[in-house]
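# Close look at the chain arrangement
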Amino acid sequence: MSPQARRDDLIGAALDLFGSRAPELVTVDDIVARAEVSRPLFYRYFSSLRELQVQALRTVTDGLIDGLAGLEEGPPETRLRAAVRGLIDVADHYRAGYIALLRSGSVIATSDTDAAIDEVRNRAVALILDALSVTDPSPLLSLTLRCWTAVVEGALLSWLQERTIAREDLDTWLVAQLTAMLAATATHDQSVTFI
């Protein structure tokens, strides 16, 4: 196995384990047992458990950014719904890692993971602005979009933990939430004319 493949295998083992318990409860011994490697081999690729945790969570955020990358052609609502579906798919695929990444008070939260989360949020806002053909958003529009990303994060966390609604209903509802928020913003900001 190549060095990169071995590193990816260790990250995958960690993410698999996050599916059954909180990342802060997963040990090096758990990871090496899942990956079927030795402790010395683990330390050849990662200097500490913390480094692996951050890299595993970075894998989740990279997946989220990649999920946002592919926009369908068509009207803004179609493009936004496709982007939301991409986010839901990635969050579901990396369920435990996503929950760990956004869970308040996680002991593995660092400036690196915070920066990674901000990168996903910024990409989501940029994608929406692109879908709406807005190049110079007003402060109120920017605030609206940032608030909506918080709605998406909270909704995904709840959905991943509870699964109380169908996936198809979740993406429809999230796009409807954005539409409603943009309509409310338009009543206070004359530059918002695309509603």
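As a reminder, the structure under discussion sits directly above these lines.
Notes on the structure follow. No experiment lies behind these values; they were computed from the predicted model shown. (Residues numbered from 1 in each chain as written. Predicted model: local features only at pLDDT ≥ 70, side-chain atom pairs only at ≥ 80, totals over all residues. Heavy atoms only, no water.)

Taken as a whole, this structure holds 12 salt bridges when the rule is applied. Between Asp9 and Arg6 there is a salt bridge; the shortest N-O distance is 3.5 Å. Taken together, the positions of Asp9 and Arg6, both in helix α1 (residues 3-18) and three residues apart, correspond to about one turn of that helix. Overall, the relative accessible area of 30% leaves Asp9 in the partly exposed class. Two residues, Glu153 and Arg121, come together in a salt bridge whose shortest N-O distance is 2.6 Å. (Salt bridge = Lys/Arg side-chain N within 4 Å of Asp/Glu carboxyl O. Helix = DSSP H or I, 4+ residues; strand = E, 2+ residues; numbered from the N terminus. Buried < 20%, exposed > 50% of the residue type's maximum accessible area, 1.4 Å probe, protein only.)

For helix α9 (residues 167-186), which comprises 20 residues, the first-to-last C-alpha distance of 29 Å matches the rise-based estimate of 28 Å (1.5 Å per residue) to within 8%. Within the span of α9, buried status applies to Leu170, Asp171, Leu174, Val175, Leu178, Leu182 and Thr185. Viewed along the axis of α9, the buried residues span an arc of 130°, placing them on a single side of the element. (Expected span 1.5 Å × (residues − 1). Arc of directions from axis to C-beta.)

What follows deals with the environment of Thr78. Following the sequence through the fold, Thr78 ends up in helix α5 (residues 76-93). C-alpha separation for the pair Thr78 and Ala131, spaced 53 residues apart in sequence, amounts to 9.2 Å.

Turning our eyes to something else, we now look at α1. End to end, α1 covers 23 Å across 16 residues, agreeing with the expected 22 Å (1.5 Å per residue, within 8%). Those residues of α1 that sit buried are Arg6, Arg7, Leu10, Ile11, Ala13, Ala14, Leu15, Leu17 and Phe18.

So, on to the packing of aromatic side chains. Any pair of aromatic rings gets described here by the distance separating the centres and the angle formed by the planes. Applying the stated criterion across every chain, the model contains two aromatic pairs. Between the aromatic rings of Phe42 and Tyr43, the centroid separation amounts to 4.9 Å while the plane-to-plane angle is 85°, which identifies the pairing as edge-to-face. For Tyr43, a relative accessible area of 37% translates into the label partly exposed. Relative to Phe46, the ring of Phe42 has its centre 5.8 Å away and its plane inclined at 35°; by these criteria the two rings are tilted. Since its relative accessible area comes to 1%, Phe46 is described here as buried. An aromatic cluster of at least three residues, connected via ring pairs, comprises Phe42, Tyr43 and Phe46. (Phe/Tyr/Trp six-rings, centres within 6.5 Å; stacked < 30°, edge-to-face > 60°.)

Moving on, we come to the packing of helix α8 (residues 139-162) against α9. At their nearest, the axes of α8 and α9 sit 10 Å apart, and the two run at 160° to each other. For the element pair α8 / α9, the angle class is roughly antiparallel. α9 is crossed by α8, and the crossing has right-handed handedness. Across from Leu140, Leu141, Thr144, Leu145, Cys147, Trp148, Val151, Val152, Ala155, Leu156 and Trp159 in α8, the residues of α9 making contact are Arg167, Leu170, Trp173, Leu174, Gln177, Leu178, Met181, Leu182 and Thr185. (Axes fitted to C-alpha atoms, helices over the stretch in contact; angles between N-to-C directions. Parallel < 35°, antiparallel > 145°, perpendicular 65-115°, else oblique. Left-handed = near helix turned anticlockwise from the far one by under 90°. Contact = heavy atoms within 4.5 Å.)

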